[in-house]
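Overview (structure and organization)
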Amino acid sequence: MSNPDQPEVRISQGVLRGRKKTSILGQTYYSFLGIPYAKPPVGHLRFRAPRPPSNWFGIRDASREGDVSRQLYPHPSQAGHSLIGSEDCLYLNVFTPSVPVKNAETNILKPVMVWFYYGAFAYGNGNPDFYGPDYLLEKDVIVVTFNYRVGPIGFLSLNIKEAPGNAGMKDQVAMLRWVKKEIQHFGGDPNNITLFGESSGGASVHLHMISPLSRGLFNKAILQSATAYCGWAFAPMKVLYERTLRLANQLGCVSQDPNEILEFLKKHPVDKLVWAQHEIVADAEKASAQYFMFLPTIESHHSLDEPFLTEDPRTLIRSGNFYKVPTMCGFTEKEGLFNLFTTSKRFIELLVNGFEDYLPQRMFRWIDSISRDSPCYEKIRRRYFDGLESKLTKSTIHHAEFPTLEKYFTEVCFKYPIMAAAIDMHKYMTPEIPIYTYYFTFAGALGWNNRRANFPVDKSVVAHGDELGYLFHISVLKKPKLSPDAPEFKTIERMTQFWTNFAKCGNPNPDTISPLFPCVWRPMSEDGNFRALKIDEKLEELDSIEVFDFWHPID
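Figured I'd write up the structure that's included with this text. Just so we're clear, the structure is a prediction, and the values are computed from it rather than from any experiment. (Residues numbered from 1 in each chain as written. Predicted model: local features only at pLDDT ≥ 70, side-chain atom pairs only at ≥ 80, totals over all residues. Heavy atoms only, no water.)

1. Here's the deal with unusual backbone geometry
The residue Phe 47 is not glycine, and still its phi comes out positive at about 75 degrees. You can see Phe 47 is positioned in the loop between strand E4 (28-36) and strand E5 (59-61). (Helix = DSSP H or I, 4+ residues; strand = E, 2+ residues; numbered from the N terminus.)

So this is what it looks like as structure tokens:
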């Protein structure tokens, strides 16, 4: 007879033994950790699309997470980094409020929410010490988190059929296929799957809306603080190929033949690949805070594996060639603050004195077509760089002295690309397939960045990732002491209700107006104008956001 504290679930690969747990809120739930969704991508499978997972005999212990992708963590732009993880990293975790009873007619399938973690496609993981599901499980949904290949082992490309790029994105597709096939065994509804992610996770979700490989594998999408329009989230093949050559050269390969380079890189220790990616960043890339070299790209059609993406994301969106599902997207108040604080004086100087050379790397490629003599460039200079030259004459600088540069990183790297993607998608949506947008400005004690010891920000600032503390229990960060009536708890309730309501039915609003939810969150209007819900201590609808009014005429 099965132990109720160690529930067993049979899936196609075999039997899993999970664990009964208690959330930080006192709720019982069940976790199944370290489930392989593909074969280990090692040896001859390095840089290739993943292969289906193997079966096992007996009962597999699912009480421990699988390895994360081999990576430097934190990123070298932060303090105290070290190597963690393994190439053998294709594992997922399932968290459910209840385990289905065999042969019971009362089993009701629950909505499924699949989380895509942040990390600029270079680091990060989906394990529960970062993304504890405690708050979301209170709303009777199933949460899935997972790991995939990041950095060069997930995203380098030699533009040949054996190394076409996007291996990490194909890991994600393999995970989605596994969820679609297996989640019913955990009580999840395979026809009600919502993808949600932040930063590179949000860009990943958007790319799945674009890729033909992902069609039909999910039903709703939430894009937090990124879309595929963000210049840092996507690299043209020419750029990615050149970076791969740089990586090989850094490691001692002098050949220019892509097949010889591939054999060299496949035989090289993974740790050297991971370290070397951070040693090949060019000055121009650093000047535009482009620290992350290996990203999703456009593949050739001659890949040995199914290509993830064969056309430019913006072209596909603007032609209506994407998977149209109910969508939520949005951003925080000062998304670019992290970029500012990790950019040195030298590279601030390069950017301020020659922003025309670096702007195309931060915006989507459309700005390359604008003449340098265009009045647009002068408007951009006045908005972000006017008067900064004098501040750079000091021997030392304080990043707080550059508020317009933070504004530049926030608007150019995050806010406008997200808004532009929403507008472009909305043209092809219907009232039955809405887009909801939000603007998160709540400066609370559970904000991600306020709890990081090495992030020198004012407590009133709401930066990149700060909404995560109100969706997930983040046990690796210090826990602030809060009174029972603290506004942080109200924000947790609002965020988890909005996100899980949307996952359940495609509409984030609760059934009734209440003091906690005093207004209706309306989707984007039929005339296509940008509209957002401002999420703060007070909820408020915004009919326009100034950055959109500045950039949209240029776009």
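What follows continues from the structure just given.
2. What to know about the sheet that holds strand E12 (residues 220-224)
Overall, mixed pairing links the 11 strands, which are arranged E3-E4-E8-E10-E9-E11-E12-E13-E14-E15-E16 in an open sheet. Both edges of this open sheet fall to strand E3 (19-22) and strand E16 (539-542), since each of them pairs with a single strand only. The sheet shows a mean angle of 25 degrees between the axes of neighbouring strands, taken without regard to direction. As paired elements, strand E14 (residues 435-440) and strand E15 (residues 532-535) share 3 bridges and run parallel to each other. Bridging from a neighbouring strand, Phe 440 pairs with Ile 535 of E15. Most of the contacts of helix H3 (residues 167-182) go to strand E9 (residues 110-116), to which it runs at about 165 degrees, and overall it touches E4, strand E8 (91-96), E9, strand E10 (142-146) and strand E11 (188-198). (Pairing = 2+ DSSP bridges. Axes fitted to C-alpha atoms, helices over the stretch in contact; angles between N-to-C directions. Contact = heavy atoms within 4.5 Å.)

3. Some words on the packing of aromatic side chains
A full pass over the atoms with the stated rule returns 38 aromatic pairs. For the pair Trp 115 and Phe 196, a centre-to-centre distance of 4.8 Å together with 65 degrees between the ring planes defines the contact as edge-to-face. On the criterion of sequence distance, the pair formed by Trp 115 in strand E9 and Phe 196 in strand E11 is long-range, its members being 81 residues apart. A single burial state applies to Trp 115 and to Phe 196, both of which are buried. Aromatic side chains Tyr 118 and Trp 448 sit 5.4 Å apart centroid to centroid with 85 degrees between the ring planes, which places their arrangement in the edge-to-face category. Of the two residues, Tyr 118 is situated in the loop between E9 and helix H1 (134-137) and Trp 448 in the loop between E14 and helix H16 (487-505); the sequence distance between them amounts to 330 residues. Given a relative accessible area of 11%, Tyr 118 falls into the buried group. Classification of Trp 448 by relative accessible area gives buried; the value is 5%. Grouped by ring-pair contacts, the aromatic residues Trp 115, Tyr 118, Tyr 123, Phe 130, Tyr 131, Phe 196, Phe 292, Trp 448 and Phe 472 constitute a single cluster. Positioned above the aromatic ring of Trp 56, the side-chain terminus of Arg 60 is 5.4 Å from the ring centre. Lys 324 extends its terminal NZ or CZ atom over the ring of Phe 322, reaching a point 4.6 Å from the ring centre. (Phe/Tyr/Trp six-rings, centres within 6.5 Å; stacked < 30°, edge-to-face > 60°. Buried < 20%, exposed > 50% of the residue type's maximum accessible area, 1.4 Å probe, protein only. Lys NZ or Arg CZ within 6 Å of the ring centre and 35° of its normal.)

4. Focus on the packing of H3 against helix H4 (residues 200-210)
Between H3 and H4, the least distance of the axes is 11 Å, while the angle of their chain directions is 75 degrees. Taken together, the axis directions place H3 and H4 in an arrangement best described as roughly perpendicular. Counting all contacts with H3, which are made through Met 169, Gln 172, Val 173 and Leu 176, the residues of H4 involved are Ser 204, Leu 207 and His 208. The residue inventory of the contact of H3 with H4, partitioned by class, reads 4 nonpolar, 3 polar and no charged. (Parallel < 35°, antiparallel > 145°, perpendicular 65-115°, else oblique. Nonpolar A, V, L, I, M, F, W, Y, C, P; charged D, E, K, R; others polar.)

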